[in-house]
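Tertiary structure, described
Below, each chain spelled out in residue letters.
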Amino acid sequence: MSVSAVAADRSVCAPLPVLGRDVLVPLVTGGEVDYAALDYAASAPALQRVWDDVAAYAPYYGSVHRGAGYLSQLSTDLFENSRRTIGEFLGCRDEDQVVFTRSTTDSLNLLAAVLPQGTRVFVFETEHHASLLPWEQRPDVAVTYLNAPRTPEQAVDTLEKALAAREPYGPALVCVTGASNVTGELWPVRELAAAAHAHGARIVLDAAQLVPHHPVDLGELDVDWVAFSGHKLYAPFGAGVLAGRADWLRDAQPYLAGGGASRKVSRRTDGGVDVEWHTTAARHEAGSPNVIGAYAIASACQALTEAGFDGLVAREQELIARLRAGLADVPEVTVLSLFGEDAARVGVLSFVVEGWNSSHFAAALSAEYGIGVRDGLFCAHPLVRTLLGSEPQDPGECGAPDAAPGEKSLNAIRVSLGVGTPDEHVDRFVRAVKELVTNGARWNYRTEDGRCVPA
């Protein structure tokens, strides 16, 4: 179902309970206020349901796969059932594998490690660094970086032309985001997948910013792999997922060598060792697995499914409309966009404010209003440079201001929301933006260790 179709569904949900909703933070101007967490795109707060499920399991925590004891058996069942739950949540096909990793970054580095020799990778410059950088770690893999498109149709056309022109005609992989971590805009994943497959290429979807906001189905999107992180999906504890086709994963050397990945190890007469590796997902899960992290992701998947994704998406679209309408009333605010105002998007939005250093503005939102947002280049340096119209050599760094407050700098402000965001937090944010632009900051700020902080 498309975002616009879901938005038309009026069965809008209430915010889901998340940890930290009632945390009070001090203001430099005096007093306290409940913290408005509007940095979901970095790490979303844990769903209360996830926390409760993990707490209920914690006394039964045990080793996974090889323990004979009751707790080990229970933990193994929980771990493998979590794998199945996540596979169902992602619409995995019967032959697909669900591999547990540490994060989206780890998942894409794993995929980069298993690419067949000579693979050519096609990636837009608009990607997050997690999906932009892993491919060049392989000297036997060629990478083609594609310029930022300005419409979804241009993205498909650019990819088709690049794939058609590739030489030699060998294995190829397209890497694309589902939703931008900078603009929140949705990419034409299904159309890009069709273009990739028409030219004999495979495609991996970076769903880090998509899966917390919108249903993701591998079969429906026709992608070969999907990668995402638990900490974006309301599940802490440092786990991620790479799910999809098994053949390249099965044919490659293990991502890590060690226990769990090996099925049989024996000494040779020449003094070395022979190893028989697993052909299942375990092949790339060496070491003691993060069973709590895996269970937390599965719990989040169940919670979102049971809450009803249609209603969750509809409510998020209402919050986005509320946010954009409020910012549109402030002429000094410029919202960053690749595809234009009418582009479908999730609850992520970046902007700059005329006359303000973005780090200064973000610091004032936190110190004076108790609102947490993100500033910088959001680990998507080429994309933000393009959106800000800067030259590639212009200075800029994730999260660090390059100029004093009030001076021009190469960074932006990002506000992001999700299933736990109350209406009041969006309204408070809009009021704070208007007050700061109209009246200025009420406190003095300085740069300390690369951050703008209250003086």
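Just so you know, these numbers come straight off a predicted model, no measurement behind them. (Residues numbered from 1 in each chain as written. Predicted model: local features only at pLDDT ≥ 70, side-chain atom pairs only at ≥ 80, totals over all residues. Heavy atoms only, no water.)

1. Section: the overall build of the protein chain
Broken down by element type, the protein chain carries 14 helices and 19 strands. C-alpha extents for the protein chain along the principal axes are approximately 80 × 55 × 45 Å. Expressed as a percentage of its 455 residues, the buried residues of the protein chain come to 55%. Contacts in the protein chain between residues at least 24 apart in sequence constitute 71% of all its contacts with a sequence separation of at least 6. Measuring between centres, the 37 positive side-chain charges of the protein chain sit 4 Å from its 57 negative side-chain charges. (Helix = DSSP H or I, 4+ residues; strand = E, 2+ residues; numbered from the N terminus. Buried < 20%, exposed > 50% of the residue type's maximum accessible area, 1.4 Å probe, protein only. Contact = heavy atoms within 4.5 Å. Lys, Arg positive; Asp, Glu negative; His and termini not counted. Charge placed at Lys NZ, Arg CZ, Asp CG, Glu CD.)

2. Re the sheet that holds strand β17 (residues 412-416)
If you trace the four strands from one edge of the open sheet to the other, you get β13-β14-β17-β16, paired in antiparallel fashion. Taken across any chain shown, the strands that pair with only one partner, and hence form the sheet edges, are β13 (333-335) and β16 (374-376). The average angle at which neighbouring strand axes cross in this sheet is 30°, direction not considered. In the sheet, β13 pairs with strand β14 (residues 348-353) via three bridges, with the strands oriented antiparallel. Each residue of the ladder has a partner; that of Val 333, found in β14, is Val 353. The sheet contacts of helix α11 (residues 309-328) involve β13, β14 and β17, and relative to β14 the element is tilted by about 10°. (Pairing = 2+ DSSP bridges. Axes fitted to C-alpha atoms, helices over the stretch in contact; angles between N-to-C directions.)

3. Looking at the packing of helix α12 (residues 358-369) against helix α14 (residues 423-439)
Viewed as axis vectors pointing N to C, α12 and α14 meet at an angle of 115°, and their least axial separation amounts to 11 Å. With respect to the hand of their crossing, α12 and α14 are arranged in right-handed fashion. Counting all contacts with α12, which are made through Phe 361, Ala 364, Leu 365, Glu 368 and Tyr 369, the residues of α14 involved are Arg 428, Phe 429, Ala 432, Val 433, Glu 435, Leu 436 and Val 437. Looking at the contact of α12 with α14 residue by residue, the classes come out as nine nonpolar, no polar and three charged. (Left-handed = near helix turned anticlockwise from the far one by under 90°. Nonpolar A, V, L, I, M, F, W, Y, C, P; charged D, E, K, R; others polar.)

4. As for the sheet that holds strand β7 (residues 172-177)
Reading across the sheet, the seven strands line up as β4-β10-β9-β8-β7-β5-β6 and stay open at both edges, with mixed pairing between neighbours. The open sheet has two edge strands with one neighbour each: β4 (97-101) and β6 (142-146). On average, adjacent strands in this sheet sit at an angle of 20° to one another, irrespective of strand direction. Pairing of strand β8 (residues 202-206) with strand β9 (residues 225-229) involves three bridges; the strand directions are parallel.

5. A word on the pairing of strand β12 (residues 273-277)
Here strand β11 (residues 262-267) pairs with β12 via five bridges, running antiparallel. Directly across from Arg 267, in β12, lies its bridge partner Val 273. Linking β11 to β12, which pair antiparallel, is a turn of five residues; within it Gly 271 sits at a positive phi near 100°.

6. Quick word on the environment of Gly 311
If you trace the backbone, Gly 311 turns up in helix α11. Considering only alpha carbons, one finds Gly 311 and Ala 14, 297 residues apart in sequence, at a separation of 8.7 Å.

7. Concerning the domain arrangement of the protein chain
Its domain assignment divides the protein chain into domain 1 (24-39 + 308-454) and domain 2 (49-306). Of note, the centres of domain 1 and domain 2, computed from C-alpha atoms alone, are 30 Å apart. With 31 residues of domain 1 in contact, the opposing surface of domain 2 contributes 31 residues. For the pairing of domain 1 and domain 2, the buried interface totals around 2700 Å² over both sides, and the portion due to carbon and sulfur atoms is 62%. Its largest share of buried area at the contact with domain 2, domain 1 owes to Phe 309, Leu 338 and Phe 339, together 29% of the area lost on that side. The partner of Glu 185 in a salt bridge is Arg 345, with the nearest N and O atoms 4.0 Å apart. Applying the counting criterion to the domain 1 and domain 2 interface returns 18 residue pairs in polar contact (both at pLDDT 80 or more). Elements represented by at least two residues in the side of domain 1 that touches domain 2 include exactly α11, β14 and α13 (381-387). Among the elements that take part in the side of domain 1 that touches domain 2, α13 stands out by supplying six residues, more than any other. Within the side of domain 1 that touches domain 2, the residues separate by chemical class into 20 nonpolar, eight polar and three charged. (Domains from an automatic or database assignment. Buried area = accessible area lost by both parts, 1.4 Å probe. Salt bridge = Lys/Arg side-chain N within 4 Å of Asp/Glu carboxyl O. Polar contact = N/O pair within 3.5 Å; in protein donor to acceptor, adjacent residues only side chain to side chain.)

8. Looking at the packing of aromatic side chains
The tally for this structure, following the rule as stated, stands at twelve aromatic pairs. When the ring of Tyr 57 is compared with that of Tyr 61, the centres are 6.4 Å apart and the planes differ by 75°; the resulting orientation is edge-to-face. Overall, the relative accessible area of 4% leaves Tyr 57 in the buried class. Residue Tyr 61 is classed as partly exposed on the basis of its relative accessible area, which comes to 48%. Put simply, the rings of Phe 351, Trp 356, Phe 361 and Phe 429 pair up and form one aromatic cluster. Here the basic side chain of Arg 166 rests over the ring of Tyr 169, its NZ or CZ set 4.1 Å away from the ring centre. (Phe/Tyr/Trp six-rings, centres within 6.5 Å; stacked < 30°, edge-to-face > 60°. Lys NZ or Arg CZ within 6 Å of the ring centre and 35° of its normal.)

9. Examining unusual backbone geometry
Here the amide bond leading from Glu 167 into Pro 168 is cis, since omega sits at -5°, within 30 degrees of zero. In this structure, Pro 168 sits in the loop between α6 (152-164) and β7. Positive phi outside glycine occurs at Tyr 234, with the angle close to 65°. Counting through the fold element by element, Tyr 234 comes out in the loop between β9 and β10 (240-244).

10. What about the pattern of salt bridges?
Taken as a whole and judged by the stated rule, the model has 28 salt bridges. Residue Lys 161 pairs with Asp 157 through a salt bridge whose shortest N-O separation is 3.2 Å. Of this pair, Lys 161 and Asp 157 both sit in helix α6, separated by four residues, roughly a single helical turn. A residue is classified by how much of its surface remains accessible, and Lys 161, at 55% relative accessible area, is exposed. A relative accessible area of 33% means that Asp 157 is categorised as partly exposed. In this structure, Asp 375 and Arg 451 form a salt bridge, with 2.7 Å as the shortest nitrogen-oxygen distance. With a gap of 76 residues between them, Asp 375 in strand β16 and Arg 451 in strand β19 (residues 451-454) connect regions that are remote in the sequence. Exposure remark for Arg 451: the relative accessible area of 34% places this residue in the partly exposed category. Each member of the salt-bridge network shares a partner with another, and the members are Arg 21, Asp 34, Glu 424 and Arg 428.

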